[in-house]
Amino acid sequence: MTDLDQRLATLPLTRRVFLQGSSMAGVAAFLAACGGGSSPSPTGQASVSPSEGATAEPTEMAIEGPLNFANWPAYIDLNEDETASPTLDDFEATYGIEVNYQEEIEANEDFFATIAPQLGAGLDSGWDIIVLTDYMAARVVRAGWVEEIDAAATPTAHANVRDELRGLDWDPDMKFHFPWQSGATGVGYNVVSTGRDLTTVEDLFDPAFKGKATLLSGYPDTFSLVGLMLRAKGQIANVPAEMTFEDAQAVHDYLKPFVDDGHIRAFTGNEYLQDFGSGDTWVAFVWSGDLASSGGPDDRFVFPEEGSIIWTDNMLIPKGAQHKAAAEAMIDFVYDVANAARLAAWIYYISPVKGAGEEIAKTDPELAANELLFPPAEIAAKMYPQMALADEDDIAWADLAADLEGA
Amino acid sequence: MSLLRSRRAIPYLLMAPGLLWLLLFFVIPNVQMLVFSLSEGTLRTGFTTPPDVWDIDNYTGSISRFSDNFSNSIVYGGLATILCFLIGYPLAYAIAFKGGRWKNLLLFLVIAPFFTSFLIRTISWKIILGNDGPALAVARDFLHLVPANFSIIGTPLAVVGGLTYQFLPFMVLPLYVSIEKVDRRLIEAAQDLYAGPWRRGGLVAGAIFGAFALVALQVGLGYGAFVGEDAAPAAVVAAGLIGAVGGGLVGAFLISQSFIRVTFPLSLPGVFAASILTFIPAIGDYVNPQLLGSPKTQMVGNVIQGRFLDQNDYPIAAALAFLLMAGILIAIFLYARLLGTEELTGGTA
């Protein structure tokens, strides 16, 4: 599938700039289009209006492609020479739909900002599936910016999603989202550079690592983890989901001197993978599976003693998506137990699919004991969800984070 | 009669496409931005626009809140311009006067980096200055000058270096054009009139300029948090002395009176154009601080980018953009006054 290789390797050639609509929406969409968020090229059925797409009967014959799929880096299985994805290849072979898979999402806030102007103006974002973390997915669903996922087209997904992921207050009946993977936020480090094993969040602030430490941009991961550290030190009382603005202020005040003296070199999204590769980063807040699947042999992930952050990234179909039926087919496809097991075994995250663990255990018992895929009870007991803030609070917290990030 | 009238219309017809273009893509977007800059709210919460609200606080609040970013922009943009000038003027002079048959090739080499994307060039600097790169391989692994956790990435040095590299061609090309235009017969005439080496004047002027440039560089780069150390008074004095000695030597031995009295004054329009062409993009840049800097080295461009594209906070972003624009206009006005506009625009033509 050299065809697919090229699609994986190259960015889309065209970008959509919407200048219709009200002047403000026009400017907003234009800004977003300028902002480096390249939208996929609309090579599919561009004449199909969103409402028609939404009501089309998803029979196998009616499924139109290509499927424009925006996901995070290191989040899809790759073959031996890392040129193609077996899962995507199989999907293409099964349904005859091209998949335009782009590793476009480095951080929730940044990606949200690239699609919000179009969605807010009632326009197609250009994507058929996007993957957002709980708090951001909830915000998009509450805003009504998603298509309802047809239950008749996704029977496997409805049957196989793990019970603890059902019944969320923002989408109790899985009408708008299906989890892609769950994972943890903890501390990543290069054991050769640090010269020792790290066990806590506080280890990241060791003076020996000055200038070689990075945190995650935005507040949900960074403020949660530092909050857990301050909680362990007795400086704040609340777990991340219950943190108050005063707690956030305390986290900010703790971090500020480390930013000022250059101890923390950057606030990153998924690009910490490159910085670990070059040795510019020795320790960082990272997401659990990335270093195992895409890092070097000396890169380690640790669930910190103070606790770690558990989250789920969710597949959503943005409002007005042009290839909704294809998106539903993909959602159903990755909930097949065998497909889910193959995916989880490569990317080292926690699969949302019932039975994927047993499937992995059948072929690879060692992997089935991996704590990244199947966190043991003592680690799971110290996993905390992120805060889910209302819009006004979100702006105030984001401002605190922006002050640390220097912009 | 009608022929005469149509002739009068010709200049307007010739200008019409340009004016229309400016109206559509400069005036109208700027009016829109001005409206944004006085509004309240974000994309998510919705905007309240004038005339319902006139939020001047977007401007006043931004200046105080983002004063660090403004000073970063001015200092880094200014330093990059000075460095570009110090590197670019001798280069342009050499190409124009000594280039000979290599002139076209040399000019091509100056522009050659532009054939690669701006982003790729900055990312290659990230690799060159990075942990595995040649710069640290020499300074850290071979000479053992710096500790193991020293990094160049994240320092003002990296940002200013990146800016200097990116905008050097903007400096060299206008300088080349104006130096190339200098009438050689005037230089010969000066030499006939006993214009020799600059010696004493060159020593003094070179020492002053050299000291100023190196102190500016030292203070500018040490300014803010440098990983490891801050600018110390002793270092500033040392930089001043080194700059004075170096500048004095260059002034006394390399610069002739015919250069200082003929070539340089005649190339001033090029200096003016080149420094503006370098300073304006450098001060508004956000790619270099983003990729090569740290949270302490973010410039105004980063705030504008972040507010527009990450936080969808258009009012603050628009206000900052206008403040930056106003700042640049004031700076250019003062600069033009300093160099004397009449001579720059009309005088030499």
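Residues numbered from 1 in each chain as written. Chains lettered and ligands numbered in written order. Predicted model: local features only at pLDDT ≥ 70, side-chain atom pairs only at ≥ 80, totals over all residues.

### A few points about the overall build of chain A
Scanning chain A from terminus to terminus reveals 18 helices and 10 strands. For chain A, buried positions account for 54% of its 407 residues. Long-range contacts, defined here as pairs at least 24 residues apart, represent 78% of the contacts in chain A between residues at least 6 apart. (Helix = DSSP H or I, 4+ residues; strand = E, 2+ residues; numbered from the N terminus. Buried ≥ 20, exposed ≤ 12 C-beta atoms within 10 Å, placed from the backbone. Contact = placed C-beta atoms within 7 Å.)

### Notes on the interface of chain A and chain B
The interface of chain A with chain B comprises 35 residues on the first partner and 28 residues on the second. Sorting the residues of the side of chain A that touches chain B by element identifies helix H2 (23-34), helix H5 (108-120), helix H10 (245-260), strand S6 (264-268) and helix H18 (391-405) of chain A as the ones contributing at least two each. Grouping the constituent residues of the side of chain A that touches chain B by class yields 17 nonpolar, eight polar and 10 charged. (Nonpolar A, V, L, I, M, F, W, Y, C, P; charged D, E, K, R; others polar.)

### Describing helix H14 (residues 337-347) of chain A
Working note: α-helix, 3.6 residues per turn, so residues spaced by three or four point in the same direction. All names here are of chain A. By the criterion of burial, H14 is predominantly enclosed, with nine of the 11 residues buried. Burial in H14 covers these residues: Asn339, Ala340, Ala341, Arg342, Leu343, Ala344, Ala345, Trp346 and Ile347. Turning to H14, the residues buried within the fold contact helix H4 (86-95), strand S4 (177-190), helix H12 (290-294), helix H13 (324-334), helix H15 (356-363) and helix H16 (365-368). Positive phi appears at Tyr348, one or two residues downstream of H14, with a value of about 60°.

### Description of the nonpolar core
Soluble globular proteins tend to pack their nonpolar side chains together in the buried interior. Grouped together as the largest cluster of nonpolar side chains are 178 residues, with contacts concentrated most on A:Ile129, A:Met330, A:Ala344 and B:Leu320. In terms of residue count, the dominant contributor to this core is helix H7 (residues 156-181) of chain B (14 residues). When neighbours within four sequence positions are excluded, A:Met330 is seen to be in contact with A:Leu67, A:Phe69, A:Phe91 and A:Ile129. (Core = buried A, V, L, I, M, F, W, Y, C linked by C-beta atoms within 7 Å.)

### Details of the pairing of strand S9 (residues 308-316) of chain A
Residue and element names in this part refer to chain A. Most of S9 sits inside the fold, with nine of its nine residues counted as buried. Along S9, one buried face is formed by Ser308, Ile310, Thr312, Asn314 and Leu316 and the opposite face, lined by Ile309, Trp311, Asp313 and Met315, is buried too. In the sheet, strand S3 (residues 129-133) pairs with S9 via four bridges, with the strands oriented antiparallel. Bridge pairing links Leu132 to Asn314 in S9. Inspection of the sheet shows S4 paired to S9 by eight bridges, in the antiparallel sense. Looking at S9, one finds that Thr185 is bridged to Ile309. Sheet topology note: the S9/strand S10 (residues 383-385) ladder contains three bridges and is parallel. Pairing of Ile310 across the sheet is with Pro385, part of S10. (Pairing = 2+ DSSP bridges.)

### A word on the packing of helix H2 (residues 57-65) of chain B against helix H14 (residues 314-339) of chain B
Residue and element names in this part refer to chain B. Relative orientation of the contacting elements H2 and H14 amounts to 75°, with a least axis distance of 9 Å. In terms of orientation, H2 lies roughly perpendicular with respect to H14. Facing Asn58, Tyr59, Ser62 and Ile63 of H2, the residues of H14 in contact are Pro315, Ile316, Ala319, Leu320 and Leu323. Here the residues of the contact of H2 with H14 are counted per class, giving seven nonpolar, two polar and no charged. (Axes fitted to C-alpha atoms, helices over the stretch in contact; angles between N-to-C directions. Parallel < 35°, antiparallel > 145°, perpendicular 65-115°, else oblique.)

### Observations concerning unusual backbone geometry
The peptide bond linking A:Gly65 to A:Pro66 adopts the cis configuration, its omega dihedral lying at -5°. Position of A:Pro66 relative to the elements: it lies in the loop between helix H3 (50-55) and strand S1 (67-71). Its identity is not glycine, yet A:Glu82 carries a phi of approximately 55°, on the positive side. Even without a glycine there, the phi angle at B:Tyr194 is positive, about 70°. Inspection of the secondary structure assignment puts B:Tyr194 in the loop between helix H8 (184-192) and helix H9 (199-222). The exposure class of B:Tyr194 is exposed, given the 8 C-beta atoms found within 10 Å.

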